[in-house]
Amino acid sequence: MHYLCRIWSLVPVVLLLVAVINVQGGILAQPLTPTTAASTPVPTTLPTLTFTPVPATPTTTPTTPPPATPTPGPTPTSPTGQLILELVFGAERGKTLEALWQRHGGLVLLLGAFLVITPFLWKPVGEWGQARITALLDAWNGRRRQQADAAHQRELRQQALTAYLDQLRQELALTEIVPIPNASATIDTRDYTPLWVAGPGSHASQSVFAALTAQPAPKGLLIVGSAGSGKSHTLRYTALLLAEARQTMSPATESVLGLPTAAALVPIYVRLQDIPACRNALQQAEPGSEPSLLRSIDRHLRRRTAVAAEMPQADLVAALIAAGEERCLFLFDGLDEIDDPLECQRVQEQLAGLQRQYPQHMYVVTTRPLANHQLSAAGFAERQLLPLRREQQYAILKQWYRQEYGATPQPEEEEQIRHRARALLDHIQADPDLQPMAVVPLFLTAMARMRIALVGLPTSRVKTYDRIIDLLLEWRRNRMRLADMHAVFGGDHRDALAELQRLAACMLITGRRDLTLEAYVSGVCLDHLPTRNAEDDPPDATDIEQLLRSLVRHTGLLTEQADCYTFTFGFRDYLAACFIARSQPDMQELAARANDPAWHAAIIMMVGYWTHVLLYQDLPGKLAAALHAAGPAGILLAAAALREAFAEGMVPNLAPAVRSTIRELHALEGQPEYADRAAALRQELEQLLGGTV
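The following refers to the structure shown. Everything numeric here is computed off the predicted structure, so don't read it as measured data.

**Points about the overall build of the protein chain**
Here is step 1 of the chain: Within the protein chain one finds 26 helices and 12 strands.
Here is step 2 of the chain: Here the protein chain, with 693 residues, has 44% of them falling under the buried criterion.
Here is step 3 of the chain: In the protein chain, the share of contacts with a sequence separation of at least 24, taken over all contacts with a separation of at least 6, comes to 69%.
Here is step 4 of the chain: Split by element, the accessible area of the protein chain, about 36,500 Å² in all, is 55% carbon and sulfur.

Rendered as structure tokens:
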């Protein structure tokens, strides 16, 4: 390296000399002119010539002229370039310098000055050249090291990404389902029936993610649906599908999800419920810091998945985003599961900020209906999950029956699967209580599980509601966080069920379909419900609010809108009937409700609850007698209630009440406005009594 620098340092010197010589006339580029001898001066006048006669000679011999003497030629001289080399490297530098002085004059003076200062310039110039070359080599080596480091980091990111996707496939391969005793509690996540969505106020259905490919594209997608409508399963299925085939997706994927087949997307599946806790943990580790959403996501993934890779898993998402090598599909599940309203608002602000900072990625958020969706104002397209259509219900039921036959059923087994699925769907559609519930995947799953797991679908309305509620409360307990299990309404759902019954009774008695927490805890309900027993350590408003939010989130029994809670389907009437039936009601007061249609379903299920659950066979007869005295509406209501009491079979103790009701119905057939209804109920009751009396 030292000699290379020395030689390199001579380059500018030689170039300088060549440039100066060329300026003087191109001396080095052309041959030198030879030097000639001095000439004799020529006189200006010619001398006078004298001629002397010569005697004649008879014979003469020709004389040979003497040989000519050669004229001396020019003395050979060295080229200027050679003289310069002799001046630099030769021994007789004085003569050489004199010869150059005679030829070039001032140029020699310049060259001499250069030779004088060369000893002083040689070392600095060499050092400068060496430093310059060293700097160039260091810069080159630095770039190579940076490229090598970048390649190494890229390899580490790919290793961590591969490990993450492997863990994601394992985590999402199975999905928890409504638990049934002595039956599997999970299904294959790939058993997914495509759902449809529509924009607010629109009936035009489209695939779930179709809005992301619209022009102009929205900032993100907000999928809104009630509990059990399929929000989480949709995100889990999408993440699993992308994790299994990240580079290419089949055409079927586009039709199922609405994602373009050419999209190479990295799925980042996040449970938003855990983000506040992850952010708080980072703040505790770094007091005074404000962790970004990406750091909170990384911590969430690290807690949720155990990834063994060289690169810390905590940095995976942040590293992918910073590198810009991958396009991510963020799947944020359960915005509504963040209990604290302020935290929910904060997370929405962070989500909107993340999208603004990295708009090249895709963002999907699921939530149940909330009073304030800030993401909609931030440019997220809102889509509502639509109720299941009949063909979707049939597809889901087929999947459940197919579970019994393994992965590859035989052709004859496929026919059995189709037949059984159609039969169950027909039964559900014919049931006035089950048919409205079947449009929700969670409830349809509960029905299928009861039928397929040999528990069976009950024939009575009371037991149908009872079993569905029991399954949903068990489902809630399985999905609760460990920290919530020690709350007042934690793992044991009997207390939760009792509180639900009390809330439903308050709504029924006050004639309301929805109720605020304040009205329930300290408002109108206090005047209509029995006083709580102080010895039982009654729950406070915070405990009750936590319970109601948990039920809204996990069971689908309740919905919440603008701080008002509403029961879904017929659960209000059933739960209210359970509460009143246990409260030793006054029969005359109940009979007075016969002319109020809002009470009819509750009174019918109250009789069924006494008969099939509490096994109080005398109370239905007493209530029937009181209803007979309430007029035609009471007689018709008594007949419908006794029919529910006989739904599970003959109840001998109620036979007298049934005969008495049949006689009252006969009398009503004479009144035109009641004739048809009375005749139909009479025939049903007579069939129930046939051959037993």
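**Points about the packing of helix H13 (residues 411-430) against helix H15 (residues 441-452)**
Here is step 1 of the chain: One can describe the packing of H13 onto H15 by two numbers: an axis separation of 12 Å at closest approach and a directional angle of 120°. Between H13 and H15, the angle falls in the class oblique. Of the two possible hands of crossing, H13 and H15 adopt the one that is right-handed. Note on element contacts: H15 touches H13 through Leu 444, Met 447, Ala 448 and Arg 451, opposite Leu 424, His 427 and Ile 428.
Here is step 2 of the chain: Grouping the constituent residues of the contact of H13 with H15 by class yields five nonpolar, one polar and one charged.

**Considerations on the sheet that holds strand S11 (residues 558-561)**
Here is step 1 of the chain: In spatial order, the strands read S10-S12-S11; together these three strands make up an open sheet with antiparallel pairing. For this open sheet the edge positions go to strand S10 (514-516) and S11, each flanked by a neighbour on one side alone. Looking at each pair of strands side by side, their axes are set apart by 30° on average, direction ignored.
Here is step 2 of the chain: In terms of strand pairing, S11 meets strand S12 (residues 564-567) through four bridges, oriented antiparallel. For Gln 561, the partnering residue across the bridge sits in S12 and is Cys 564.
Here is step 3 of the chain: Contacts between helix H17 (residues 493-510) and the sheet are confined to S10, S11 and S12, with S12 contributing the most and set at about 95° to the helix.

**Some points on H15**
Here is step 1 of the chain: In a regular helix each residue adds 1.5 Å, so 12 residues correspond to 16 Å; H15 covers 16 Å between its end C-alpha atoms and thus fits that length.
Here is step 2 of the chain: For H15, the tally of buried residues reaches 11 of 12 residues, placing the bulk of the element in the interior.
Here is step 3 of the chain: Residues Pro 441, Leu 442, Phe 443, Leu 444, Thr 445, Ala 446, Met 447, Ala 448, Arg 449, Met 450 and Ile 452 constitute the buried set of H15.

Conventions adopted
- Residues numbered from 1 in each chain as written.
- Predicted model: local features only at pLDDT ≥ 70, side-chain atom pairs only at ≥ 80, totals over all residues.
- Heavy atoms only, no water.
- Helix = DSSP H or I, 4+ residues; strand = E, 2+ residues; numbered from the N terminus.
- Buried < 20%, exposed > 50% of the residue type's maximum accessible area, 1.4 Å probe, protein only.
- Contact = heavy atoms within 4.5 Å.
- Areas by Shrake-Rupley, 256 points an atom, 1.4 Å probe, with all protein chains shown as cover.
- Axes fitted to C-alpha atoms, helices over the stretch in contact; angles between N-to-C directions.
- Parallel < 35°, antiparallel > 145°, perpendicular 65-115°, else oblique.
- Left-handed = near helix turned anticlockwise from the far one by under 90°.
- Nonpolar A, V, L, I, M, F, W, Y, C, P; charged D, E, K, R; others polar.
- Pairing = 2+ DSSP bridges.
- Expected span 1.5 Å × (residues − 1).

Keep in mind these numbers describe shape, not what the thing actually does.
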